[in-house]
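Close look at the chain arrangement
Spelled out, the chains give:
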Amino acid sequence: MGAQLRAIRARIRSVRSTAKITRAQELIASSRVPRARQRMEAARPYAREITRAASTVIEHRTHLDHALLNRRPDTSRVAVLLMTSDRGFCGAFNHNVLRQGDALAALLREQGKEPVFYLAGRKAVDFYRFRHRPVERAWTGMSGHPVYDTAAEIGQTLVEAFDRPTRAGGVGEVHVVYTEFVSMLTQRTAVHRILPLAVEESADGGPAAAPAPYEFEPSAEAVLDRLLRQYVRAVVWRMLLESSASEHASRRQAMMSATENAQALVAALTRQANSARQAEITTELTEIVGGAAALARSRED
């Protein structure tokens, strides 16, 4: 009985130590979510304005043709970018992205297309490396606090792959699997095709208004080319920020649940320890009473 009580008490100490760690992780994630949300909100005006600028060029020069706007006749190779985290302790955040990526790859193979994977985040890299899956390019070390330079590099890499013919190692489409930030309690895994892209004007852009006269220098074609390439970088940048905010929110929620479960387990183990201690005391009292009775009978004899 004593050994059982000692084992229960050792487990209580271990669970309490784990609860301290999960509580600290929860507080750290809670402090990082507002900053991640601010960066995400700050990037939206830029994305909105560059969308409006690209839409304006297309609206004024409807005859313009650009490779990033056209569907490729050969889509036998398709790029798939997966955005995961560099660290764990964030619940099903990474699992949902990887599972959605596998589902997308299976769908593409059913259509006769070969998926080519680009990875952002150490968890995706470890997942594919452990399963010996080929990866075209990977970026790590920036999921918690992404920087624009990395987004520009990713966007440029994807555009260059799209610019190359499929037979020369290029791709005919580019899809991104990432996590959208809806609220502190809700994060949604999403799949978006970013190339060939379709520039959509925002609701407040006034598509019904008469277009104002514009002059383009050096030419409308050159302006459109620059804008569309910058637009792809802006889309990747927004997705990285959404994924970062979702990662911190998921970690906060997961660590909060882990702390609550640890506290419930400590309460259950404490009840077991009290029961074991009570049984031990009862056994000791029974032995004392029995010994006293035996000693009294021996004296009477």
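Residues numbered from 1 in each chain as written. Predicted model: local features only at pLDDT ≥ 70, side-chain atom pairs only at ≥ 80, totals over all residues. Heavy atoms only, no water.

**Quick word on the side chain of Ser143**
- By the element assignment, Ser143 lies in the loop between strand E3 (137-139) and helix H4 (148-163).
- One polar contact links the side chain of Ser143 to the main-chain amide nitrogen of Asp86, over a distance of 2.8 Å.
- Look past the residues within four positions of Ser143 in its chain and what remains in contact with it is Thr84, Ser85, Asp86, Ser244 and Glu247. (Helix = DSSP H or I, 4+ residues; strand = E, 2+ residues; numbered from the N terminus. Polar contact = N/O pair within 3.5 Å; in protein donor to acceptor, adjacent residues only side chain to side chain. Contact = heavy atoms within 4.5 Å.)

**Some details on unusual backbone geometry**
- Residue Leu195 is joined to Pro196 through a cis peptide bond whose omega torsion reads -5°.
- With respect to the element layout, Pro196 can be found in the loop between strand E5 (187-195) and helix H5 (220-300).
- Positioned with a positive phi, Phe89 is a non-glycine residue whose angle comes to about 60°.
- You can see Phe89 is positioned in the loop between strand E1 (77-83) and helix H2 (93-110).
- Judged by its relative accessible area of 52%, Phe89 falls in the exposed class. (Buried < 20%, exposed > 50% of the residue type's maximum accessible area, 1.4 Å probe, protein only.)

**Quick word on the nonpolar core**
- Grouped together as the largest cluster of nonpolar side chains are 48 residues, with contacts concentrated most on Leu81, Met83, Tyr118, Ile194 and Leu195.
- When residues of this core are traced back to their parent elements, those giving at least two are helix H1 (2-60), E1, strand E2 (114-120), H4, strand E4 (173-181), E5 and H5.
- Counting residues per element, this core draws most heavily on H5, at 16 residues.
- Not counting residues up to four positions away in its chain, the partners in contact with Met83 are Val97, Ala120, Val176, Val177, Tyr178, Val236, Met239, Leu240 and Ser243.
- Core analysis: the second largest hydrophobic core is formed by 15 residues, Leu98, Leu104, Tyr128 and Val177 among them. (Core = buried A, V, L, I, M, F, W, Y, C linked by side-chain atoms within 4.5 Å.)

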